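Chain residues, written in single-letter form:
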Amino acid sequence: MSATDWIAQLATSFVASAGFAILFNAPRKTLIQCGLVGMVGWILYYVLTQQGMDILPATVLAAMLVAVLTQICAKLYKTPIIIFIVGGIIPLVPGGMAYNAMRHFVENDYYTAVEYSVKVMLLSGGIGFGLMFSEIINQIIKKAWK
């Protein structure tokens, strides 16, 4: 993988995350952090898939990392977690795959459409699971420190 590919992955994931944070009215002071959270999550996903890992576990692990980073940012910047999650999780959302599923439904290619739809549902569930699992671990750690 070339340096140009790395720069493109870093830049586009940062811009996508920060852009969605702007779209969802995140405070101006948190935009860089939102972009960084999304960029780091995407890079983990990208590296894992380039190493041959299936997209579902790579998505779960990246979502867990995003959730951990959002908790850290929320504590550091005294901002609600949701501010960082909205922008940070966007690069992992399977929007292109959902588009392909709908396109194949419209073209009456139902076998391929269902295949894409199942992948979209699994990946969306994986994102949710990753965010939830990280929060559970955070709660266990909090209780252990009390």
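Residues numbered from 1 in each chain as written. Predicted model: local features only at pLDDT ≥ 70, side-chain atom pairs only at ≥ 80, totals over all residues. Heavy atoms only, no water.

Describe the overall build of the chain, and please don't skip the residues or the numbers.
A count of helical and extended segments in the chain gives six helices and zero strands. Its helices and strands in sequence order give the chain the pattern α-α-α-α-α-α, from N to C terminus. If you line up the chain on its principal axes, its C-alpha atoms span 55 × 35 × 30 Å. Within the chain, buried positions represent 38% of all 146 residues. Restricting to contacts in the chain with at least 6 residues of sequence separation, those with at least 24 account for 64%. (Helix = DSSP H or I, 4+ residues; strand = E, 2+ residues; numbered from the N terminus. Buried < 20%, exposed > 50% of the residue type's maximum accessible area, 1.4 Å probe, protein only. Contact = heavy atoms within 4.5 Å.)

Explain the nonpolar core to me, and be specific about the residues and the numbers.
W42, Y45, F84, I89 and L92 are the most contacted members of the largest nonpolar core, which has 22 residues in total. Secondary structure elements with two or more residues in this core: helix 2 (31-50), helix 3 (55-77) and helix 4 (81-89). Looking at this core element by element, the count peaks at nine residues for helix 2. When residues no more than four places from it in sequence are discounted, the contact partners of I89 are A63, V66, I127 and L131. (Core = buried A, V, L, I, M, F, W, Y, C linked by side-chain atoms within 4.5 Å.)

Break down the environment of S17 for me, with residues and values.
Tracing the backbone through its elements, the reader meets S17 in helix 1 (residues 3-23). Along the primary structure S17 and C34 are separated by 17 residues, whereas in three dimensions their C-alpha atoms are 6.1 Å apart. Excluding residues within four positions of it along the chain, S17 makes contact with C34, G35, G38, M39, G87, G88 and P91.

Any details on the packing of aromatic side chains? Residues and values, ideally.
Tallied over the full model, the rule gives six aromatic pairs. On the numbers, 6.3 Å between centres and 85° between planes, the contact of W6 with Y46 is edge-to-face. Taken together, the residues span a long stretch of sequence, with W6 in helix 1 and Y46 in helix 2 at a distance of 40 residues. On the basis of relative accessibility, which here comes to 14%, the residue Y46 falls in the buried class. Each ring, one from W42 and one from Y45, has its centre 4.9 Å from the other, and the planes form 35°; the classification is tilted. With a gap of three residues between them, W42 and Y45 both fall in helix 2, about one helical turn apart. Overall, the relative accessible area of 19% leaves W42 in the buried class. On the basis of relative accessible area, Y45 is assigned to the buried category, the value being 14%. Aromatic ring contacts, followed pair by pair, group W6, W42, Y45 and Y46 into a single cluster. (Phe/Tyr/Trp six-rings, centres within 6.5 Å; stacked < 30°, edge-to-face > 60°.)

Describe in detail the pattern of salt bridges, supporting the description with residues and values.
Applying the stated rule across the entire model yields one salt bridge. We note a salt bridge from R103 to E107, for which the minimum N-O separation is 3.5 Å. Judged by relative accessible area, E107 falls into the partly exposed class, the value being 47%. (Salt bridge = Lys/Arg side-chain N within 4 Å of Asp/Glu carboxyl O.)

Provide a residue-level description of the packing of helix 5 (residues 95-106) against helix 6 (residues 110-145), including the pertinent values.
Angle between the axes and distance between the axes: these two values describe a pair of packed helices. Contact geometry of helix 5 with helix 6 gives a least axis separation of 8 Å together with a crossing angle of 155°. In terms of their interaxial angle, helix 5 and helix 6 are classed as roughly antiparallel. Judged by the sense of rotation from one axis to the other, the crossing of helix 5 with helix 6 is left-handed. Only Y110, T112, A113, V114, Y116, S117, K119, V120 and L123 of helix 6 make contact with helix 5, whose side of the interface consists of M97, A98, N100, A101, H104 and F105. Residues that form the contact of helix 5 with helix 6 fall into these classes: 10 nonpolar, four polar and one charged. (Axes fitted to C-alpha atoms, helices over the stretch in contact; angles between N-to-C directions. Parallel < 35°, antiparallel > 145°, perpendicular 65-115°, else oblique. Left-handed = near helix turned anticlockwise from the far one by under 90°. Nonpolar A, V, L, I, M, F, W, Y, C, P; charged D, E, K, R; others polar.)

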